[in-house]
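Below, each chain spelled out in residue letters.
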Amino acid sequence: MSRKKRIIGALLAAAGGMSWGLSGSVGQYLFTVQNMDSKWLVPIRLGLAGILLMGICIARYGGRVLEPWKDPEERKELFLYGLIGVSFCQFFYFLTIQLSTAGVATILQDLAPVFILIYSCVRGKRRPARLEIGSILLALVGVVLISTHGSLNTLSVSPQALISGVICAVCVMVYNVAPVHLMDKYPVALLQSWAFLMGGVMFTIVFRPFSYHYVPTAAGWAGIAFVVIIGNIVAFCTYLAGVHLIGPSKAVLYGFAEPVTAAVVAVLYFGNSFTFWDGVGFVCIFLMLAMISSSQK
């Protein structure tokens, strides 16, 4: 892998993480201030993102948008990636935010590297390298410190939130490792458009958001637009483009830009304090990135 390819892949994965960090903060605002329900928001979010992205793909790729459905094996992979991976991740992430906070949801979601490492080792029939274990542990420590300000008491969450967050992490693992062959053949935007559309249709049927007697304010609609465009289209497309370049094991670690972004937003725009433990957490993240870079040489 060339140095240029590694750098571009890392930047794309980090950009995706940053977009998710911003989207999670906006999602918490929608739940706490706008009184939205995740069962109402997620179908609309996925549906709108799918329609917008599919329109772009049709204009750019024409009839090629239907090609992933022609091959039975690719169809199975697309279902696994789009529904179990992307769509379920979206729902359980926002459900965890609603049940707790964006910080807790981020911590639990960022258990994904552990599942990816286990998957990689099982599939490759190998033991994890010391550097892999060390970088993951260091990243998890950094995320916990940044998200809790060093006070583990703030990690007290309901069993429902804990279960939802862990399921979200497993789904993150699925969409990182599932579309390997699809990404070699099709553009990321095309795969994402089908994933969003499948999730939007499925969750609309299951949760029936049209039956809710809820009308967002202007600020609510602005928040929805943000989580659709930045949190869905931009985040997933940039992140998965990074996965395609540097692989899921490395990309998911650069995705730790998500909690760092959330911490910066909290300090700059919500007036949260920046503690000593936050600083230690940032150092852990930077050390983790250095370890990843050294392992790629």
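Residues numbered from 1 in each chain as written. Predicted model: local features only at pLDDT ≥ 70, side-chain atom pairs only at ≥ 80, totals over all residues. Heavy atoms only, no water.

### Some details on the state of the cysteines
Consideration 1: Considering all chains together, one arrives at 0 disulfides under this definition.
Consideration 2: With no disulfide of its own, C89 lies closest to C168 among cysteine sulfurs, the gap being 4.0 Å.
Consideration 3: In this structure C168 comes out as buried when scored by relative accessible area, which is 1%. (Disulfide = S-S within 2.5 Å. Buried < 20%, exposed > 50% of the residue type's maximum accessible area, 1.4 Å probe, protein only.)

### So, the side chain of E74
Consideration 1: Here E74 is to be found in helix α3 (residues 72–99).
Consideration 2: A distance of 2.6 Å separates the side chain of E74 from the side chain of Y186, its partner in a polar contact.
Consideration 3: When neighbours within four sequence positions are excluded, E74 is seen to be in contact with E67, P68, L182, K185 and Y186. (Helix = DSSP H or I, 4+ residues; strand = E, 2+ residues; numbered from the N terminus. Polar contact = N/O pair within 3.5 Å; in protein donor to acceptor, adjacent residues only side chain to side chain. Contact = heavy atoms within 4.5 Å.)

### A word on the packing of helix α2 (residues 38–61) against helix α9 (residues 188–207)
Consideration 1: Running from N to C, α2 and α9 point in directions that differ by 145°, and their axes come no closer than 7 Å. Crossing of α2 over α9 shows left-handed handedness. Mapping the contact onto sequence places K39, V42, P43, L46, G47, A49, G50, I51, L53, M54 and C57 in α2 and A189, L190, Q192, S193, W194, F196, L197, G199, G200, F203, T204 and F207 in α9.
Consideration 2: Residues that form the contact of α2 with α9 fall into these classes: 15 nonpolar, 7 polar and 1 charged. (Axes fitted to C-alpha atoms, helices over the stretch in contact; angles between N-to-C directions. Left-handed = near helix turned anticlockwise from the far one by under 90°. Nonpolar A, V, L, I, M, F, W, Y, C, P; charged D, E, K, R; others polar.)

### Re helix α4 (residues 102–109)
Consideration 1: The buried fraction of α4 is high, at 7 of 8 residues.
Consideration 2: Of the positions making up α4, those classed as buried are A102, V104, A105, T106, I107, L108 and Q109.
Consideration 3: Contacts from the buried residues of α4 go to α1 (3–32), α3, α5 (112–124), α6 (130–148), α7 (159–177) and α12 (257–269).

### Some thoughts on the packing of α1 against α3
Consideration 1: Interhelical geometry of α1 versus α3 gives an angle of 50° and a closest axis separation of 9 Å. Looking at the two axes, α1 sits oblique to α3. Here the hand of the crossing between α1 and α3 comes out right-handed. Counting all contacts with α1, which are made through W20, S23, G24, G27, Q28 and F31, the residues of α3 involved are Q90, Y93, F94, I97 and Q98. (Parallel < 35°, antiparallel > 145°, perpendicular 65-115°, else oblique.)

### Re unusual backbone geometry
Most peptide bonds take the trans configuration, and most residues that are not glycine carry a negative phi.
Consideration 1: Here K125, not a glycine, exhibits a phi torsion of approximately 50°, which is positive.
Consideration 2: The residue K125 is located in the loop between α5 and α6 in this model.
Consideration 3: Take K125: its relative accessible area is 79%, and that puts it in the exposed class.
Consideration 4: A positive phi angle, close to 45°, is found at R208, a residue other than glycine.
Consideration 5: Residue placement: R208 occurs in the loop between α9 and α10 (218–246).
Consideration 6: A residue is classified by how much of its surface remains accessible, and R208, at 44% relative accessible area, is partly exposed.

### Some remarks on the side chain of T261
Consideration 1: With respect to the element layout, T261 can be found in helix α12.
Consideration 2: Side-chain polar atoms of T261 contact the backbone oxygen of A257, separated by 2.7 Å.
Consideration 3: Ignoring sequence-local partners within four residues, the contact set of T261 consists of M18 and L22.

### A word on the pattern of salt bridges
Consideration 1: Counted according to the given criterion, the structure contains 4 salt bridges.
Consideration 2: A salt bridge links K76 to E73; its shortest N-O distance comes to 3.9 Å. Within this pair, K76 and its partner E73 are both found in helix α3, separated by 3 residues, close to a single helical turn. Both residues of the pair, K76 and E73, count as exposed.
Consideration 3: Between E74 and K185 there is a salt bridge whose closest N-O contact spans 3.0 Å. Placement of E74 in helix α3 and of K185 in helix α8 (residues 180–185) is noted, with a sequence separation of 111 residues between them.
Consideration 4: Residue E74 is classed as buried on the basis of its relative accessible area of 15%.
Consideration 5: On the basis of relative accessible area, K185 is assigned to the partly exposed category, the value being 43%. (Salt bridge = Lys/Arg side-chain N within 4 Å of Asp/Glu carboxyl O.)

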